[in-house]
Amino acid sequence: MKNFISATGMEFWFLIIFFVSVLLSTIFSISPAESFYGIGGRRVGTILLLLCISMYLILGKYLCPGIWIVWIFLISNTFVILLAILNFWGIDPLRMYDNLVESDWGYFMSTLGNINVSSNYLCMVVPIGMVLYLLSDYSLSKIIYGIFLLFGFYGVYITTCDSWLLGIGISFVVILWFCMKDHRHMIRFFELCLLFFCSSLLLKITFLAGGYGTALGMEFQKLKLQNFMLKGSVLIIEGILFVLCIIWFKYAEKKKLKIAYLKARKILFIILAVMAGTLVILFLIANVSENRQWEGAFQWMAYLKLQDESGSYRGILWKQTINAWKKLPLGRKFLGYGVNCFHHFIYQYQAAELEHIPMYFVDAHNECLHFLSIMGVPGIIGYFGLLISLAVTSGKMSRKYPVMLIGTVSICSYLAQGMLNNPTVFITPNLFCC
């Protein structure tokens, strides 16, 4: 029995937990039919989730990977990204905007549709391209992957979302962890950084040439952080820094300088972990003490306080989701309100608090809160346990099979952006394919 448990791996047992939680939250759902068929709300119903689980098991057992998968990946996603770029600049070759009201033009792009969905999807696709570039041995493949990433980074920028900053940012952090072992990998890492800089510069040039006249362009103009990243002074510093780092590591490689990479990696990531942990704690303190006014030396804490309007009303939605979950009976807290029933859940308990918001919410715009609400504690454990264990397993396997790094980076990117986004019927199947 012990041999069987160890041979199957933790991800298998988390998958079982997720599978059981899907069934239980469907059987005990407030609306079993809606949960099973996914006929309303986010439309991520039981049938879809069971198909995802089946697909994960089938591909894991029978898929024979080959270069053909890479070519399909590159060609199909290049089309999606280039179409998004054309749409951003007001060009609609497929006439997809013909039947869309003009007020919605700033929220839809490419064949994926909604900008949040586009950001969600690209946070899985672009990190795969980053790993392919990192592992490429030939100049031609580096050029192909480099061009793909140039358009890919451009594509995530123009989704006009904030979630990609988390996803792509975490991708760079995870790749840095695996690159801090020798000079060659550090050169590749900073080449990836330079590609991001080139994409940012290209976007800046196109804005200078074309302005912000399109519907999506006007939405982009409202983004403070992204526009700061495109400031001329920031781009100059960024470009010089990345070029100097590449030159230095090439010099170190040529002179065969010895660097204690493992020790440096340990120190760097301890510092990053402490900083991230401190920021999370301060964020929680700022938001738990709702009525406190931060003044004097602690005035800066007010900037960490979640505002109702933050991120397209995510602030008030997260608050009301937590308040609604607190009101659930103990059994519902454990099993959830039902697969695909978030919209019933939030308006059952917090309708009065949300009636002034000009939006109809069908998800929590946060995967943790979303699965906690609809599938309860087992759903959270199974879903996130599966993804995290797969990311860890892929990372370990990458020591022998470097291409497995794709699993680690893409999953970490997806989990990071999921703090601001939600599962969808378009994206969730792709996650299980990864």
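Refer to the preceding data block for the structure.
Cut-off values and rules
- Throughout this document, residue positions are counted from 1 along each chain, in the order its sequence is written.
- Local features in this predicted model are restricted to residues of pLDDT 70 or higher, and side-chain atom pairs are both shown and tallied only at a pLDDT of 80 or more, whereas totals for entire chains, interfaces and linings draw on every residue.
- Excluded from the side-chain calculations are hydrogens and water; all other atoms, namely the structure's heavy atoms, are used.
- Only centres within 6.5 Å qualify two rings of Phe, Tyr or Trp (six-membered ring in Trp) as a pair; their planes then separate them into stacked at under 30 degrees, edge-to-face at over 60, and tilted for everything else.
- Secondary structure elements are taken from DSSP: a helix is a run of H or I of four residues or more, a strand is a run of E of two residues or more, and numbering for both begins at the N terminus.
- Throughout, exposure labels follow a simple rule: accessible area from a 1.4 Å probe, protein chains only, divided by the maximum for the residue type, with under 20% read as buried, over 50% as exposed, and the rest as partly exposed.
- Two conditions define a charge located above a ring, namely a distance within 6 Å from the ring centre to NZ of Lys or CZ of Arg, and an angle within 35 degrees of the ring normal.
- Patch criteria: residues need more than 30% relative accessible area and no salt bridge. Like-charged residues are merged within 9 Å; nonpolar side chains of Val, Leu, Ile, Met, Phe, Trp and Tyr are merged within 5 Å.
- Under the convention used here, a 1.4 Å probe and the Shrake-Rupley method define accessible areas, while residue burial counts only the protein chains that appear.
- When a carboxyl oxygen of Asp or Glu lies within 4 Å of a side-chain nitrogen of Lys or Arg, that pair is called a salt bridge.
- In a helix, the anticipated span is given by 1.5 Å times the number of residues less one.
- Under the rule applied, a polar contact is a pair of N or O atoms within 3.5 Å (in protein, one hydrogen donor and one hydrogen acceptor; residues adjacent in sequence only if both atoms are side-chain atoms).
- Contact criterion: two residues are considered in contact whenever any of their non-hydrogen atoms come within 4.5 Å of each other.
- Put simply, a nonpolar core is a bunch of buried Ala, Val, Leu, Ile, Met, Phe, Trp, Tyr and Cys residues held in one set by side-chain atoms that sit within 4.5 Å of each other.
- To get an axis, a line is fitted to the C-alpha atoms, and for a helix only the part in contact is used. The angle between two axes follows their N-to-C directions and goes from 0 to 180 degrees.
- The scheme is simple: roughly parallel for angles under 35 degrees, roughly antiparallel for over 145, roughly perpendicular for 65 to 115, oblique for anything else.
- Throughout, a crossing is termed right-handed when the near helix is turned clockwise from the far one, and left-handed when it is turned anticlockwise from it by less than a right angle.
- Residues are sorted three ways: Asp, Glu, Lys and Arg are charged, Ala, Val, Leu, Ile, Met, Phe, Trp, Tyr, Cys and Pro are nonpolar, and all the rest, Gly among them, are polar.

> Any chance you could explain the packing of aromatic side chains here in plain terms?
Both the distance between ring centres and the angle between the ring planes are used here to describe each pair of aromatic rings. All chains considered together, the criterion is met by 29 aromatic pairs. Between Phe172 and Phe196, the ring centres sit 6.0 Å apart and the planes meet at 80°, which makes this aromatic pair edge-to-face. Of this pair, Phe172 sits in helix α8 (residues 163-179) while Phe196 sits in helix α9 (residues 183-210), and the two are 24 residues apart along the sequence. Phe196 matches Phe172 in its accessibility class, with the two residues each being buried. Site record: aromatic cluster; members linked through ring pairs are Phe153, Tyr157, Trp164, Phe172, Phe189, Phe190, Phe196, Trp248 and Phe249. Stacked on the ring of Trp177, the Lys or Arg Arg265 has its end atom at 4.0 Å from the ring centre. In this arrangement the basic side chain of Arg332 is found over the ring face of Tyr337, its NZ or CZ atom lying 5.6 Å from the centre.

> It is not clear to me how a nonpolar patch on the surface should be interpreted in this structure. Could you clarify?
A cluster of nonpolar side chains, contributed by Ile170, Val173, Ile267, Leu268, Ile271, Leu272 and Met275, occupies part of the molecular surface with about 550 Å² of accessible area. Among the secondary structure elements, those contributing two or more residues to the nonpolar patch are α8 and α13 (261-288). A per-element tally of the nonpolar patch places α13 first, with five residues. Looking at where Leu272 falls in the secondary structure, it is placed in helix α13. Judged by relative accessible area, Leu272 falls into the partly exposed class, the value being 35%.

> Sorry, what's going on with α9 here?
Each α-helix winds once per 3.6 residues, and so residues spaced three or four apart point in a common direction. Taking 1.5 Å of rise per residue, the 28 residues of α9 would be expected to cover 40 Å, and the 40 Å separating its terminal C-alpha atoms lies within 8% of that figure. Near the N-terminus of α9, the side chain that reaches the backbone nitrogen of Arg184, with its oxygen 3.3 Å away, is that of Asp182. Where α9 terminates, the next one or two residues include Gly211, which has phi positive at roughly 75°.

> Can you help me understand the environment of Gly106 in this one?
In this structure, Gly106 sits in the loop between α5 (67-88) and β1 (108-109). Between the alpha carbons of Gly106 and Gly66 there is a distance of 38 Å; along the sequence they are 40 residues apart. When near neighbours in sequence (up to four residues on either side) are disregarded, Gly106 contacts Ile115, Ala215, Leu216 and Glu219.

> In this structure, what is going on with the nonpolar core? I would like to understand it.
If you look at soluble globular proteins, the nonpolar side chains tend to sit buried side by side. With 113 residues, the main nonpolar core has Phe18, Phe153, Phe172 and Phe190 as its most contacted residues. Top element by residues in this core is helix α6 (residues 115-135). It accounts for 14 residues. Not counting the four nearest positions on each side in its chain, Phe153 is found in contact with Val126, Met130, Ile168, Phe172, Leu192, Leu195, Phe196 and Ser199.

> Just to check I follow, could you spell out the pattern of salt bridges for this structure?
Here the idea is simple: oppositely charged side chains can pair when their charged atoms come close. The tally for this structure, following the rule as stated, stands at five salt bridges. Note that Lys142 and Glu191 form a salt bridge whose closest N and O atoms lie 3.3 Å from each other. You can see Lys142 sitting in helix α7 (residues 139-157) and its partner Glu191 sitting in helix α9, a full 49 residues away along the chain. One salt bridge in this structure joins Glu191 and Arg188, with 3.8 Å as the shortest N-O distance. Remark: Arg188 and Glu191 occur in helix α9; sequence separation between them is three residues, near one turn of the helix. For Arg188, a relative accessible area of 10% corresponds to the buried category.

> In this structure, what is going on with the side chain of Ser25? I would like to understand it.
Mapped onto the elements of the fold, Ser25 is located in helix α2 (residues 10-27). A polar atom in the side chain of Ser25 sits 3.2 Å from the backbone oxygen of Val22. Leaving out residues up to four positions away in the same chain, Ser25 has contacts with Ser35, Leu335, Gly338, Val339, Ile374 and Met375.

> I tried to follow the packing of α2 against helix α4 (residues 46-62) on my own but got confused; where do I start?
Axes are the key here: two packed helices are described by the angle between their axes and the distance separating the axes. Between α2 and α4, the shortest axis-to-axis distance is 10 Å and the interhelical angle comes to 160°. In this view, α2 runs roughly antiparallel relative to α4, as classed from their interaxial angle. Crossing of α2 against α4: the hand is left-handed. Contacts between α2 and α4 involve Glu11, Leu15, Phe18, Phe19, Val22, Leu23 and Thr26 from the former and Thr46, Leu49, Leu50, Ile53, Tyr56 and Leu57 from the latter. Here the residues of the contact of α2 with α4 are counted per class, giving ten nonpolar, two polar and one charged.

In short, shape yes, function no, at least from these values alone.
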